[in-house]
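# Observations on chain architecture
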Amino acid sequence: MLTMTINGAAVGGATTFDVVNPATGRVAAQAPDCSPEQLDAALAAAAAAGPAWRSDVDERRKAMLRLAEALTAAGDAITADLILETGKPAPVAASEVPICGMWLQVFADMEIPRRVLQDDASALIEVAYRPLGVVAAITPWNFPIGLAMWKIAPALLAGNTIVLKPSPFTPLATLRMGQIMGEVLPPGVVNVVTGGDDLGRALSAHPTPRKITFTGSVAGGKSVAAAAGADLKRVTLELGGNDAVILMADADLAAAVPKILGTAFFNTGQACALPKRIFVPDALYDEAVDAFAAGASAIEVGPPENATTQMGPLSTRPQFERVTALAAEAIAGGARVAAGGGPVDGEGFFFRPTILADVPDTARVVAEEQFGPVLPILRYSAIDDAVERANSTMFGLCGSVWGTDIGAAGAVAERLECGTTFVNTHAALLPTVPFGGSKWSGVGVENGVDGLLAFTEPQVVHTARA
Ligand code: NAD
């Protein structure tokens, strides 16, 4: 069994929990369940490792590059874990290790800013950015190691040490990555512990971490924010999304629909920043529904190990049940099924790529985050109406506007209330570009210099000269 990593050592659990393979629906592995004492030990190890780790930025950069190499060398084993626990088709699963490597390399190269505010005869006044100390990192199941690395790479460069807790649905690849980090980094710099939501609650409430970086649901984020508030810990929250896509009247459907569909159904629709509601003008509506339906019907759904599989199962049973319920509810409420419509018969959490037309905005599949391969196509008559409806939820992660007049599309894009607004693309995310949500989609940003600074606190250094 894979082990936790605490203070550089491999640590098993007194008890374990089941890990289910979503392609079969059956238990396929066990993971250690971290005890309260083990959590204390992980946090104590992270605290003890802090002073040495923060003392030499060049050593940190070198260690991060060594880690990138070691993860690349273990790529096949990590990818196999990801396939087993998430059901991702092999090429999708195989992309996560290179993403981790890229994030480590980009952050290993990044300068930690030091700003000079005044430099004259009377004083030198600078702002330096200091590490926060121990960071608690809590991650979801949809990109288990990629999203963990969005936290680990900048936190390490900034000089923090880390206790990482992955989702109980997908602990395996993160445990293996933890073992590699335990070998490559000094003991205690990154610790990985596994367990259920209660472990996340205990980590958030523990007095040792000075920052919690959380990616997950809105409900989880609110709970973490409340725990952090009680101790004035810093928080970054990357939460759910219900991204609106608006097609302008001059949109090129032949070019736009395959791109939107490919993005919406990437990872079986299970990513925060994917198209989740498509607004189409009256004049293009029927043609667009047909194009989305034809594209969805052509997607091959199947087991992750099949070379021709384009879409794997949903990754967890609760998510499968939720997507099934949202689609059934919309259909019972009068939505027209243009493609798919429900689960695939047989074992595992497979769902047919589904396009729903004529769905009211009040249907839960529109109003809530569906996080699966069910895409509602919504009709609009006036662009102001589309913008108002796009902005009418408490989500605000990303949005996009598609049209041939880039200026007009861009003007509409900037009216969307969200952390990132795209024109003629969606979910193009980069390590150098800040990413975060407005409203309930998040607090703060990850990635880029802004994301790096979120793992620091400013310290003014004021030297009098006169
Ligand atoms: P989740 O909130 O159920 O769980 C996420 C993590 O938090 C898990 O490790 C879980 O054990 C832990 N957790 C749960 N409740 C907790 C609590 N009260 N205190 C502390 N930790 C707690 O989310 P999920 O179902 O794993 O992930 C799916 C959600 O994540 C979706 O809403 C998705 O949009 C969101 N997400 C957001 C981003 C982003 O960058 N904005 C990226 C990926 C996923």
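Scroll up a little and you will see the structure.
The present account deals with the structure reproduced in this document. Values in this document were obtained by computation on a predicted structure and should not be read as measured data.

This brings us to the environment of Phe-143. Within the element layout of this structure, Phe-143 appears in the loop between strand S7 (134-138) and helix H6 (144-158). For Phe-143, a relative accessible area of 15% translates into the label buried. Contacts of Phe-143, omitting those with residues within four sequence positions, involve Lys-88, Glu-96, Ala-148, Phe-266, Asn-267, Gln-270 and Ala-271.

If you trace the three strands from one edge of the open sheet to the other, you get S5-S6-S20, paired in antiparallel fashion. Each edge of the sheet is formed by a strand with only one pairing partner; in this case those strands are strand S5 (115-119) and strand S20 (456-464). With strand direction ignored, the average angle separating the axes of adjacent strands in the sheet is 20°. For S5 and strand S6 (residues 123-131), the ladder comprises four bridges, and the chain directions are antiparallel. Bridging from a neighbouring strand, Val-116 pairs with Glu-126 of S6.

Moving on to the nonpolar core. Among the nonpolar cores identified, the biggest contains 83 residues, and Ile-152 and Leu-185 are the most heavily contacted of them. When we break this core down by domain, the ones giving at least three residues each are domain 1 (4-239 + 439-464) and domain 2 (243-430). Excluding residues within four positions of it along the chain, Leu-185 makes contact with Trp-53, Ala-63, Leu-67, Leu-156 and Val-190.

This paragraph deals with the packing of aromatic side chains. Counted under the stated rule, the structure contains five aromatic pairs. When the ring of Trp-141 is compared with that of Phe-371, the centres are 5.5 Å apart and the planes differ by 80°; the resulting orientation is edge-to-face. Residue Trp-141 is found in the loop between S7 and H6, and its partner Phe-371 is found in the loop between helix H13 (364-367) and strand S16 (374-380); the two are separated by 230 residues along the sequence. Both residues of the pair, Trp-141 and Phe-371, belong to the buried class. Of note, Lys-88 hangs over the ring of Phe-143, and the distance from its end group to the ring centre comes to 3.8 Å. The residue whose ring lies beneath Lys-222 is Trp-440, and the NZ or CZ to ring-centre distance is 3.5 Å.

Turning to helix H7 (residues 172-184), a few remarks are in order. Structurally, the α-helix is built with 3.6 residues per turn, so residues lying three or four positions apart point the same way. With 13 residues, H7 should cover 18 Å at 1.5 Å per step; its first-to-last C-alpha distance of 19 Å lies within 8% of that length. Among the 13 residues that make up H7, 10 are buried, leaving the element largely enclosed by the rest of the structure. Where H7 is concerned, the buried positions are Leu-172, Ala-173, Thr-174, Leu-175, Met-177, Gly-178, Ile-180, Met-181, Gly-182 and Val-184.

Criteria and cut-off values
Residues numbered from 1 in each chain as written. Predicted model: local features only at pLDDT ≥ 70, side-chain atom pairs only at ≥ 80, totals over all residues. Heavy atoms only, no water. Helix = DSSP H or I, 4+ residues; strand = E, 2+ residues; numbered from the N terminus. Buried < 20%, exposed > 50% of the residue type's maximum accessible area, 1.4 Å probe, protein only. Contact = heavy atoms within 4.5 Å. Pairing = 2+ DSSP bridges. Axes fitted to C-alpha atoms, helices over the stretch in contact; angles between N-to-C directions. Core = buried A, V, L, I, M, F, W, Y, C linked by side-chain atoms within 4.5 Å. Domains from an automatic or database assignment. Phe/Tyr/Trp six-rings, centres within 6.5 Å; stacked < 30°, edge-to-face > 60°. Lys NZ or Arg CZ within 6 Å of the ring centre and 35° of its normal. Expected span 1.5 Å × (residues − 1).

This is a description of form; function is not addressed.
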